[in-house]
Amino acid sequence: MSALAYNPPSFIRRLLGRPLAVLALLWLLLLFVLSVSAPLCAPIDPLEQDLLALKQLPSAEHWLGTDALGRDVFSRMVHGVSITIAGVIEAVVVASLLGLSLGVSAGYFGGMWDRCVQQYVSLVQSLPTMLIMLAVLAVFGQAMLPAMVTLGVMGSAGVSRVLRSVTLAVREELYIAAARISGLSDAQIIVRHVLPRIAGPVIVQMSLFAAIAVIVQTGISFLGLGVAPPAPTWGSMIFEASASLNDFPWLLVPSGGVVALTVLSFGLLGDSLRDTSTESWSRPAVRQGVKARLAVKPQDLPEGVLLSMRDVSIVTSSGQTQRTLVKGVNFDLKQGETLGIVGESGSGKTLTSLSLMGLLPPGVHVSAGTAVIQGEVIDLSNEKRLTQLRGATVGMIFQEPMAALDPCFTIGHQLAEVIRLHGLRAAQVQAKVIELLEQVKIPNPQDVAQRYPHQISGGMAQRVGIARALASEPKILLADEPTTALDVTVQAEILALLRSLSQSRQMAVVLVTHDWGVVADICDRAMVLRHGQVLESATVVDLFHRPQHPYTQALLAANPHSAQPGEVLPTVDDKLMDITGAAA
Amino acid sequence: MNATPLLQVKDLRVDFAQGKGKVFQALKGVSLNIHPGETVGLVGESGSGKTTVGRVILGLTEATSGQVIFDEEDITQASRARRRDLGRDIQVVFQDPYGSLNPARTVGDTLAEPLLGDKSLSPTDIQQRISEVLQRVGMPTDTAQRYPGQFSGGQRQRIAIARAVIAKPRLIVCDEPVSALDLSVQAQVLNLLKELQESMGLAMLFISHDLTVVRHVSHRTVVLYRGGIVEQGDAAQVHEHPQHPYTRALLAAAPVPDPLIQRERRTQFEQARQALAAAT
């Protein structure tokens, strides 16, 4: 699969490109400014009672009206910000410090320490947070700080669990092993390698936890705990509003609204952070309805041609720019013939084969081109028609045989699934499963059918993959690097199997590979692709003995097989430059 | 060639517990020597234990029994502190150039790591060494400020090689260093390894499944099969006159990039495979 050249803008810039994230950030920033400059922007004393102006609606003097005791609602709200913010910060700091150190150390060191941490986390998570906090408030004489610290401790359990699993994944990375070999201490590895990698999940966890902290903090002050009643807090404001809910409902709007907006902001910020951190590998599909043009008539094709691709171009579009990945590929394939598509990564060889299956990755589509399969002209941008052909006419085997099998089901079950699609009765299905496994030369097919994918070897898994493709008796078999992940001895066996199957069933095979040895072994003809263009197409004997294009010549020469051991290998770029230099 | 080997692996055994009291013997008594400035190719298929040999030498996997002797010092049970110092003498190049560099750190940060243990180096010295080594592996000097994500697979492998040689080690374990690379890039990386090995007098353990590549770079070849050595000797000798049936099967299985010759070799492989089945 070709890696698309894609240089993402920085994380912060991508985050600021999301309107919801910007709104959430602006609201939180506004709260912060208000809390710092409370005496300036709300000069009325939040405790000052104006008994002549009770329960007033908003006016120029009282921006958000007054409450049951004639106090200015706006001023109380603004002065309440700092208590809420302070509480949230206390809880978040405790939760992040404790959760980070427990989670990262448990994930990184594992073993006994990990088990202890896991037990502790389970214990904490089983306790009712609110009850513990009420107990703490009772013991510490209703101070907010110990309550929020307790919330942080209770919340750290969940945080540490998430961070532990993230760390477990990072710990297995090769660069950790490389750092260890380079002599870095555990502390250095954690600071230099683990923390930067888990920063994303940490930030997301914290923003979501902050939203919870706002609600809990409001709840405590709603109960009149944490802060002595006359002092302004959001919770006490909601409590006062609920007391006069019937005769003056307006009072609930500013107090409830500010809490709701703040919780929403933290939640939206968390969502945006998560989306921003994952969007680089999960970009949405871009589809453009470009009609492929008809370029071939079935009757124009030579005798015996089973598959013909004409002028196939594949493009990717991200935003405004469109890049051509494959440009005008043509080929014909006869029954029983094997065609090799050879190229390096990014040459478009995989895309060419996938276009025939209608399985192009999101954001990549066929911009032009037709295929003629068994005399029928097929528009390659018509995915519906391609889906019908998939399996029945065109079968496919993949590079990673293990990944192509579902680990939850037995081999027999997975084959039976495909066979049932073709309307066989239950009794026949089992017999067909065994027959297929025999065809791909698996010893003890009865036994293998009952095994799970992890219980068989890679070579065996690829045989099962071939059996599954054969189940629907395809006329054309696409094989994308079918032996790259296998050992050479297994590769030789799989190639021999493919060769005999293609001969006995007169099946046409399209084999995508980067390995010249495989091409020489199994293909009748081969096509060399570079940067999405066909450089040359010939029978294998011609291609190896009389390569026409300088790139093909250079690539063949770069193979250590044809070089003198110990000598410097000719590299492709040197060789190409020599040739163009000589021509000029 | 020096009489005392730089690295001696003596009767190395590694068992992995498989649960339910079962034990998988990854290595069943492997012994090999590497002399200073020598490249030893370690060939085997998946499950042969070739990677485990490298991991034990690097201290990433514990040996069940046997010894690893580096420069006349037994490092089989070396402490973490000793291992940290050894990091300057024994280095590694992994197969996957994407996984072996931390995407969240600049190339310069990564390259500085093997030098952090050396307290005699000032930050300016370290910067100096980084730009030297980048030049050496054919990367532009501004590479140090950039992130691994901005480089191709071949360029990343050059960076990984730069990290391996920056502290001027005496031994490098290369675990399939080119098998994830395209053919044209593979040739460049092999040339680079060869050039560095000759100019710096490095000893290399070159682990690979690809006999052709091993033949090209190594002085001696060791063939590993199911956790044991079946054949070792001069690289040319092993390749031209393989003695063990497994080596013969392995050689015959590798397809040759010539369709006419390859046609003949298919029958050779079939014979070799039957001989191996009979022998084991």
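Counting from 1, residues in each chain are numbered in the order their sequence is written. Whichever chain is written first becomes A and whichever ligand is written first becomes 1, with later ones labelled in order. Side-chain atom pairs in this predicted model are given and counted only at pLDDT of 80 or more, local residue features only at pLDDT of at least 70, and totals for whole chains, interfaces and linings cover all residues.

A few words on the overall build of chain A. Strands are runs of DSSP state E lasting at least two residues, helices are runs of H or I lasting at least four, and both sets are numbered from the N terminus onward. Per the secondary structure count, chain A includes 22 helices and 10 strands. Throughout, the radius of gyration refers to the C-alpha atoms, and the reference size of a globule is 2.2 Å times the residue count to the power 0.38. For chain A, whose C-alpha radius of gyration is 34 Å, the value lies well above the compact-globule estimate of 25 Å for 584 residues. Considering only C-alpha atoms, chain A reaches an extent of 100 × 60 × 55 Å along its principal axes. Whether a residue is buried, exposed or partly exposed follows from its count of other C-beta atoms within 10 Å of its own C-beta, namely 20 or more, 12 or fewer, or something in between, respectively; the C-beta atoms are built from the backbone. The buried share of chain A, taken over its 584 residues, is 45%. A pair of residues counts as a contact when their C-beta atoms, built from backbone coordinates, are within 7 Å of each other. For chain A, restricting intrachain contacts to residue pairs at least 6 apart in sequence, the fraction spanning at least 24 positions comes to 68%.

When you go through chain B residue by residue, the secondary structure sums to 10 helices and 10 strands. Taken over C-alpha atoms, the radius of gyration comes to 20 Å for chain B, in line with the 19 Å a tight globule of 280 residues would show. Expressed as lengths along the three principal axes of its C-alpha atoms, the size of chain B is roughly 60 × 45 × 45 Å. Each of the 280 residues in chain B was classed as buried or not, and the buried ones make up 53%. Taking contacts inside chain B between residues at least 6 apart in sequence as the whole, the part at least 24 apart equals 66%.

This prediction gives chain B a mean pLDDT of 90; 99% of its residues lie at or above 70. Here the prediction assigns the complex a pTM of 0.77, and the interface score ipTM is 0.82. Every residue carries a pLDDT, the predictor's confidence in it, which falls somewhere between 0 and 100.

Contact with chain A, which involves 43 residues of that partner, is made by 49 residues of chain B. Elements with a minimum of two residues in the side of chain A that touches chain B: α8 (174-181), α9 (186-222), α18 (488-504), α19 (516-522), α20 (540-545) and α21 (550-558) of chain A. The dominant element in the side of chain A that touches chain B, judged by the number of residues it contributes, is α8 of chain A, at 6 residues. The residue classification treats Ala, Val, Leu, Ile, Met, Phe, Trp, Tyr, Cys and Pro as nonpolar and Asp, Glu, Lys and Arg as charged. All others, Gly included, are polar. Partitioned by chemical class, the residues of the side of chain A that touches chain B number 25 nonpolar, 12 polar and 6 charged.

Strand pairing in a sheet is mediated by backbone hydrogen bonds. Such pairs are either parallel or antiparallel. All names here are of chain A. Strand pairing requires that DSSP identify at least two bridges connecting the strands. If you trace the 6 strands from one edge of the open sheet to the other, you get β6-β7-β8-β3-β9-β10, paired in mixed fashion. Whereas interior strands pair on both sides, the edge strands pair on one side only; in this sheet they are β6 (394-397) and β10 (533-539). Between one strand axis and the next, the sheet turns through 20 degrees on average, direction left out of account. The pairing of strand β7 (residues 476-480) with strand β8 (residues 508-513) spans 5 bridges and is parallel. Note on geometry: axes are C-alpha line fits, over the in-contact stretch for helices, and angles between N-to-C directions span 0 to 180 degrees.

Turning our eyes to something else, we now look at α9 of chain A. End to end, α9 of chain A covers just 46 Å across 37 residues, shorter than the expected 54 Å (1.5 Å per residue, more than 12% under). At any given residue, the bend is defined as the angle formed between two axes, one fitted to the seven residues that end at that position and one fitted to the seven that begin there. At Ala 199 of chain A, α9 of chain A is deflected by roughly 50 degrees, the largest bend along its length, and proline Pro 201 of chain A occurs up to four residues later in sequence. Given the number of residues in a helix, its expected span is that number minus one, multiplied by 1.5 Å.

For the purposes of this description, domain bounds are those given by an automatic or database domain assignment. Taken domain by domain, chain A comprises domain 1 (22-42 + 77-278) and domain 2 (335-357 + 378-583). For domain 1 of chain A and domain 2 of chain A, the distance between their C-alpha centres works out to 52 Å.

Attention now moves to the nonpolar core. In plain words, the nonpolar core is the set of buried Ala, Val, Leu, Ile, Met, Phe, Trp, Tyr and Cys residues that C-beta atoms within 7 Å link up. The biggest cluster of nonpolar side chains holds 241 residues, and the ones touching the most others in it are Ala 213 and Val 510 of chain A together with Leu 205 of chain B. Not counting residues up to four positions away in its chain, the partners in contact with Ala 213 of chain A are Gly 87, Val 88, Ala 91, Val 92 and Leu 151 of chain A.

Residues and elements named next belong to chain B. Close contact between helix α9 (residues 245-253) and helix α10 (residues 259-279) brings their axes to 8 Å; oriented N to C, the two are set at 155 degrees. When the axis of α9 is compared with that of α10, the two are roughly antiparallel. You can see that α9 and α10 cross each other, and the crossing is left-handed. Contact residues: α9 offers Pro 245, Tyr 246, Arg 248, Ala 249, Ala 252 and Ala 253, while α10 offers Arg 265, Gln 268, Phe 269, Ala 272, Arg 273, Ala 275, Leu 276 and Ala 279. Looking at the contact of α9 with α10 residue by residue, the classes come out as 10 nonpolar, 1 polar and 3 charged. Should an angle fall under 35 degrees it is called roughly parallel, over 145 degrees roughly antiparallel, and 65 to 115 degrees roughly perpendicular, with every other angle called oblique. For a crossing to be left-handed, the near helix must be turned anticlockwise from the far one by less than a right angle; the clockwise case is right-handed.

An α-helix turns once every 3.6 residues. As a result, residues three or four positions apart point the same way. Counting buried positions over the 9 residues of helix α1 (residues 50-58) of chain B gives 9, a clear majority of the element. Residues Lys 50, Thr 51, Thr 52, Val 53, Gly 54, Arg 55, Val 56, Ile 57 and Leu 58 of chain B constitute the buried set of α1 of chain B.

Our focus in this paragraph is unusual backbone geometry. Residue and element names in this part refer to chain A. Positive phi values are uncommon outside glycine, yet Asn 444 reaches one of about 50 degrees. The residue Asn 444 is located in the loop between α15 (426-439) and α16 (445-449) in this model. Despite not being glycine, Glu 473 has its phi angle at roughly 50 degrees, a positive value. Within the secondary structure, Glu 473 sits in the loop between α17 (458-470) and β7.

Our focus in this paragraph is the confidence of the model for chain A. Residue and element names in this part refer to chain A. Within chain A, residue pLDDT values average 84, and 92% of them lie at 70 or more. Within the model, the stretch residues 1-7 combines pLDDT values under 50 with 9 contacts to residues more than four positions away or in other chains. Note that pLDDT drops below 50 for residues 280-292; the model gives that stretch 20 contacts with residues more than four away or on any other chain.

Another aspect to go through is the environment of Leu 224 of chain B. Residues and elements named next belong to chain B. Within the fold, Leu 224 resides in strand β9 (residues 220-225). Remark: the alpha-carbon pair of Leu 224 and Lys 50, spanning 174 residues in sequence, is separated by 6.7 Å. Apart from the residues within four sequence positions on either side, Leu 224 is in contact with Leu 42, Val 43, Gly 44, Ser 48, Gly 49, Lys 50 and Ile 229.

Here we take up the packing of helix α4 (residues 73-109) of chain A against helix α7 (residues 144-171) of chain A. Residues and elements named next belong to chain A. The interhelical angle for the contact between α4 and α7, taken along N-to-C directions, is 35 degrees, at an axis separation of 5 Å. Handedness of the α4/α7 crossing: right-handed. Residue composition of the contact of α4 with α7, by class: 21 nonpolar, 11 polar and 4 charged.

Inspection of the secondary structure assignment puts Ser 120 of chain B in the loop between α3 (107-112) and α4 (123-136). Once the C-alpha coordinates of Ser 120 of chain B and His 244 of chain B are considered, the two residues, 124 residues apart in sequence, prove to be 51 Å apart.

Residues and elements named next belong to chain B. Along the chain, Ala 272 falls in helix α10. For the pair Ala 272 and Gln 95, spaced 177 residues apart in the sequence, the C-alpha separation amounts to 29 Å. Apart from residues lying up to four places away in sequence, Ala 272 is in contact with Pro 245, Arg 248, Ala 249 and Ala 252.

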